[in-house]
Amino acid sequence: LIRELGITGGDDAAVGYYAGIIESLFFVAQTLTVLRWSQLSDRVGRKPVLLVGLSGTCMSMLCFGLSTTFWGLVVSRCMCGVLNGNVSVLKTMLGELTDSTNMAQGFALLPIMWCIGGFIGPLIGGMLARPQDNWPGLFAHPFWSKYPYFLPCAVSACMFVLGFLVVSFFLEETLSSKRRSKLTTTTLSISNGANSDDREGLSQTSNMPMRSLLTPTIVIPIANYAMLALLDIALMAILPLFLSTPTYLGGLGFTPARIGLWMGIYAMANGTFQALFFAKIVDWVGPKRFFCGAVSCFAPIMLMFPIMSWLVHARGMVDHAITLTLISQLALTMIWDMAYGTVFMFITASAPTKNVLGTVNGLAQTSASMARVVGPAFATSLFAFSKEHDILNGNAVYVVFIVLAGVLRWLGSQLPDEMQDRDE
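Residues numbered from 1 in each chain as written. Predicted model: local features only at pLDDT ≥ 70, side-chain atom pairs only at ≥ 80, totals over all residues. Heavy atoms only, no water.

A. Here's a closer look at the pattern of salt bridges. Scanning all chains against the criterion turns up five salt bridges. Close ionic contact of Glu 96 with Arg 46 constitutes a salt bridge, the shortest N to O distance being 2.7 Å. Taken as a pair, Glu 96 in helix H4 (residues 86-97) and Arg 46 in helix H2 (residues 46-65) lie far apart in primary sequence, 50 residues in all. Accessibility expressed as a relative area gives 12% for Glu 96, which makes it buried. Notably, a salt bridge pairs Lys 288 with Asp 417, separated by 2.8 Å at the nearest N-O pair. Of the two residues, Lys 288 sits in helix H15 (residues 287-295) while Asp 417 sits in the segment after helix H20 (396-413), which places them 129 residues apart along the sequence. By relative accessible area, Asp 417 is classed as exposed at 56%. Linked by salt bridges that have partners in common, Asp 42, Arg 46 and Glu 96 make up one network. (Salt bridge = Lys/Arg side-chain N within 4 Å of Asp/Glu carboxyl O. Helix = DSSP H or I, 4+ residues; strand = E, 2+ residues; numbered from the N terminus. Buried < 20%, exposed > 50% of the residue type's maximum accessible area, 1.4 Å probe, protein only.)

What follows is the structure, encoded as structure tokens:
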């Protein structure tokens, strides 16, 4: 899309630069607004904020498909980030719908859904883009030539409309104060004085000063989440870059189609693995031990990049040994990804009361969004710098991230040994 809009002036090398800017804009906008949406959900309820987020994302997708200029793309991505506080609110609702006995099963659903989306999303984009070329008989109207990427955006928008209808008619509010106020309006036997006291107490709890939430109990899980997000998005930026880099520069020289196939297989395997084993492993070894073990996988994941580079130089081609190493790396990445569900559990358990759970999740999502703004640019720039100047034989980027993984492992050791029982 960026290449076809003529943004780069014919310089294909600059496509990645502009694509990175557009993708980062979502996280910039989310960083500035997600905390406000989360705080609003603590006051008006989770469901209204969720519906606004679905509507905003739907509109931004349609605007993206109708964009014919770089600034149109910028506005649509910023709109998506500004109007979308759904990730934080969804985690909050999961925390309110689960208790200490089934929290692991509940939070296992989030990465599963991400894996499904990561698999289906590229299929929709790849199969439905430029329909006038693929199905000229059905899409002969000049509209499709002017907006060749509108169809996948419209299909995605329809999914958001479906989600909006499902939430509107079938999802119940989970914020306790809003559920209670609905009940008290129909129960005349409860005294007005008691209701007033309850509402006043709930209001005071939900309007706690932000400074009072910045305690070690809350800050430590959030710091773990931010560092996890930074390293994860850096890995997701480095992996396709490494796979596509020519072999003489230390990469594997895969074609885009081959990279897409590998990433699609990984997404399917990751979702299946999370669904089958996440909750069982957490219940077996405990959340802290499992989190520390999962994040410890990052160092060997990084080490496998220079190992594969050495193998491809030594053997001159991508053979079975390199393929086996890549499979092992993706298997470790699946274990690494399971750290997300665990850290979400710690963040949920850190909230002093359920009425500030939205704000706590908003703080966490703001921190993670900030990390995701700088992560891709930092990782790809460091990768290019290492290769260009041959620092540590081009492997300096991996050394830096292994050191950062050590910082995350230390942060994980600061998590509480046992999560507090939110049912007490």
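And the narrative resumes.
B. Representation of the packing of aromatic side chains in the model. Evaluated as defined, the whole model comprises 18 aromatic pairs. Taking 5.2 Å as the distance between ring centres and 10° as the angle between the ring planes, the aromatic pair formed by Phe 305 and Tyr 398 counts as stacked. One end of the pair, Phe 305, is in helix H16 (residues 298-315); the other, Tyr 398, is in helix H20, and 93 residues separate them in sequence. Of the two residues, Phe 305 and Tyr 398, both sit in the buried class. Cluster of aromatic residues (ring-pair linked, three or more members): Trp 135, Phe 139, Phe 143, Trp 144, Tyr 147 and Phe 150. (Phe/Tyr/Trp six-rings, centres within 6.5 Å; stacked < 30°, edge-to-face > 60°.)

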